[in-house]
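So you can see what is in the structure, the chains are spelled out below.
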Amino acid sequence: MNILAIDTSCDDTSIAVIKGNKNRIEILSNVVSSQEKLHQAYGGVYPSLAKREHLKNLPLVLKRALKKAGLDLEKPKIDAIAITTGPGLEPCLWQGINFAEELANSWRKPIIPVHHLEAHILVNSLDKKLEASVFPAIALLVSGGNTQLILVKGVGKYKILGETRDDAAGECLDKTARVLGLSYPGGPQIATQATKAPKNSKLKIKLPRPMLHTKDYDFSFSGLKTAVLYDWKKRSKKVRESKAYISLMSQEIQQSIIDVLVKKTTKAVKDYRAKSVIIGGGVACNTELRKQLKKRLLIVNNKLNLLFPPKNLCTDNAVMIGVAAFLRQDKILKKTGTLKAIGNQKMKNSS
Ligand code: KG4
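Sequence order as written defines residue numbering, which begins from 1 separately in each chain. Only residues with pLDDT of at least 70 get local features here, since the model is predicted, and only at 80 or more are side-chain atom pairs given and counted; chain-wide, interface and lining totals rely on the full set of residues. Only heavy atoms go into the side-chain values, all of them from the structure, while hydrogens and water stay out.

A. Geometry of the pairing of strand E9 (residues 276-280). Relative accessibility under 20% of the residue-type maximum defines a buried residue, over 50% an exposed one, and the middle range a partly exposed one, all with a 1.4 Å probe and only protein chains included. Put simply, DSSP marks the helices as runs of H or I at least four residues long and the strands as runs of E at least two long, and each gets a number from the N terminus on. Taken across its five residues, E9 has five buried, putting it largely inside the fold. In short, DSSP must find at least two bridges between two strands for them to pair. Strand direction decides the pairing type here: strand E6 (residues 137-142) and E9, joined by five bridges, are parallel. Bridged to Leu 140 within E9 is Ile 279. Sheet analysis places E9 next to strand E10 (residues 305-307), joined by three bridges and oriented parallel. By the bridge assignment for E10, Val 277 is matched with Leu 306. Looking down the strands as they point away from you, a crossover is right-handed if its path from the first strand over the helix to the second goes clockwise. With helix H10 (residues 287-300) bridging E9 and its parallel neighbour E10, the resulting β-α-β unit is right-handed.

So this is what it looks like as structure tokens:
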């Protein structure tokens, strides 16, 4: 079964073609047109600009994705079209949904609506079949819009254990990076700066670890953002613009977020006797987070399956949308014109 998958949930226009059968899911093409540079001037994603860019990019990205997959441009051998219906920026989601519906109508193919966060979980079946031995799993989804810990009992069986009460981890990285004068997206900038932090500096920075010791699985990152701003404000111009301050502060911001994510994920693994840990979302690209999470989790249980997808499949991409659609064919829609964009909705509990 060939699936053409589309994701326009935020600022990347992504189209992929995947081929699925009983034993294997193969990526035939994966094209991402990034708008990162365009949004840098605004320090974050500008929704109406992103929407306009999707409109312009979608036909071009489609052509490239079909060509790379070796398919005919007019009548491609596609069995279904998968589309992200949410969560995401609503104007951007609609751009993709309308495009998918036009294709479905003209090619007379069914549509499979995909939940973006579920796709972050299911993309792991590219590497390892998500069969019974993998479950229960704990999924840590950390992006610019979401921070959630989810108990995964099987494909389509999710329970939200906890989530952020305010800012997402990525949002905190993006906003604090801005305070430090670093460009958007802030996560990779903070990660790079953190590697440059001097070892024995006289400059001392200590940030809080919000909700580290609470018994639940929730997170809160808005206080961390405020703490960064207060520290920055109390420093002289000379200090806050110094390389040492920027790198040490970056290291401390990153470590504060990692400490909380690692602690809560480990607690969930122990409490639910999980057999696997899945990570996804842009923040899951962070090398230090991956390293520290792996180290801690393997101390708790050295037989744990660590399903850490390659970095290009952690950030927004259409491959994961195709994979999720292949595994969730129960959601197939024969008729188009019925799709709804689900805006900022987080992952909901399901059976
Ligand atoms: O999942 P994603 O690509 O898009 C959505 O939010 O939907 O995630 C983007 C987020 C941004 O906040 C970005 O700063 C963060 O992921 N990010 C990182 C890294 N790469 C991207 N955060 C920390 N370390 C990274 N290497």
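B. Structural view of the environment of Val 134. Mapped onto the fold, Val 134 is located in the loop between helix H4 (116-122) and E6. Given the relative accessible area of 0%, Val 134 is considered buried. In this structure the C-alpha to C-alpha distance between Val 134 and Arg 64, which are 70 residues apart in sequence, comes to 35 Å.

C. View of the nonpolar core. By nonpolar core we mean a set of buried residues, namely Ala, Val, Leu, Ile, Met, Phe, Trp, Tyr and Cys, connected to one another through side-chain atoms within 4.5 Å. Counting residues in each nonpolar core, the largest one holds 48 residues, and the members touching the most others are Ile 253 and Ile 257. Of all the secondary-structure elements, those providing two or more residues to this core are E6, strand E7 (147-154), helix H5 (169-179), helix H7 (222-234), helix H9 (243-271), E9 and H10. Ranked by residues supplied to this core, first place goes to H9 with twelve residues. Other than its neighbours up to four places away in sequence, Ile 257 contacts Ala 169, Cys 172, Leu 173, Phe 221 and Leu 224. For this analysis, residues touch if any pair of their heavy atoms sits within 4.5 Å.

D. Geometry of the site of the ligand. The criterion for a residue being near a molecule or strand is simple. One of its heavy atoms has to lie within 4 Å of it. As a matter of local geometry, the ligand sits amid 17 residues, with Gly 144, Asp 174, Gly 187, Gly 282 and Asn 286 nearest to it. We define a polar contact as two N or O atoms separated by no more than 3.5 Å, with the added condition that, inside protein, one atom must be a possible hydrogen donor and the other a possible acceptor, whereas residues neighbouring each other in sequence contribute only through side-chain atom pairs. Between Gly 282 and the ligand, the recorded distance is 2.9 Å, taken from a backbone N or O atom to an oxygen atom. Taking Asp 316, its side chain carries an N or O atom lying 3.2 Å from an oxygen atom of the ligand. Using a 1.4 Å probe, accessible areas were evaluated by the Shrake-Rupley method; residue-level cover was limited to the displayed protein chains. For the ligand, the protein covers 86% of the area, taking 550 Å² as the surface of the free molecule. A 1.4 Å probe that fits but cannot get out identifies a cavity on a 1 Å grid over protein atoms alone, an open set with protein on both sides within 12 Å along at least five of seven lines counts as a pocket, and a residue lines either if it has an atom within 4 Å of a point. Here the criterion for a molecule occupying a pocket or cavity is that more than half of its atoms lie within 2 Å of the pocket grid points. Taking a 2 Å distance to the grid points as the criterion, the majority of the atoms of the ligand fall inside the largest pocket. Going through the elements one at a time, H5 and helix H6 (186-195) are the ones with two or more residues in the shell around the ligand.

E. Local environment of the layout of surface pockets. Grid points are joined across faces, edges and corners, and a volume is the space filled by probe spheres set on the points. Computed from the structure, the largest pocket encloses a volume of approximately 1400 Å³. Around the largest pocket, the lining is made up of 48 residues, and of these Ser 143, Gly 144, Gly 145, Asp 174 and Tyr 184 lie nearest the centre. When contributions to the lining of the largest pocket are tallied by element, the ones reaching two or more residues are strand E3 (25-34), H4, H5, H6 and H10. In terms of residue class, the lining of the largest pocket is made up of 16 nonpolar, 22 polar and ten charged. Residues are grouped as follows: nonpolar covers Ala, Val, Leu, Ile, Met, Phe, Trp, Tyr, Cys and Pro; charged covers Asp, Glu, Lys and Arg; every other residue, Gly included, is treated as polar.

F. Structural view of the side chain of Gln 148. With respect to the helices and strands, Gln 148 occurs in strand E7. Polar side-chain contacts of Gln 148 include one of 2.9 Å to the side chain of Glu 163.

G. Focus on the pattern of salt bridges. Each salt bridge in this description consists of a side-chain nitrogen of Lys or Arg and a carboxyl oxygen of Asp or Glu lying within 4 Å of one another. For the structure on display, the rule yields 18 salt bridges. In this structure, Lys 331 engages Glu 118 in a salt bridge whose closest nitrogen and oxygen atoms are separated by 3.9 Å. Remark: Glu 118 occurs in helix H4 and Lys 331 occurs in the segment after helix H11 (319-327); sequence separation between them is 213 residues. For Lys 331, a relative accessible area of 25% gives the class partly exposed. As a salt-bridge pair, Glu 252 and Lys 206 come within 3.9 Å of each other at their nearest N and O atoms. Of this pair, Glu 252 sits in helix H9 while Lys 206 sits in the loop between H6 and H7; the two residues are 46 residues apart in sequence, bridging distant segments of the chain.

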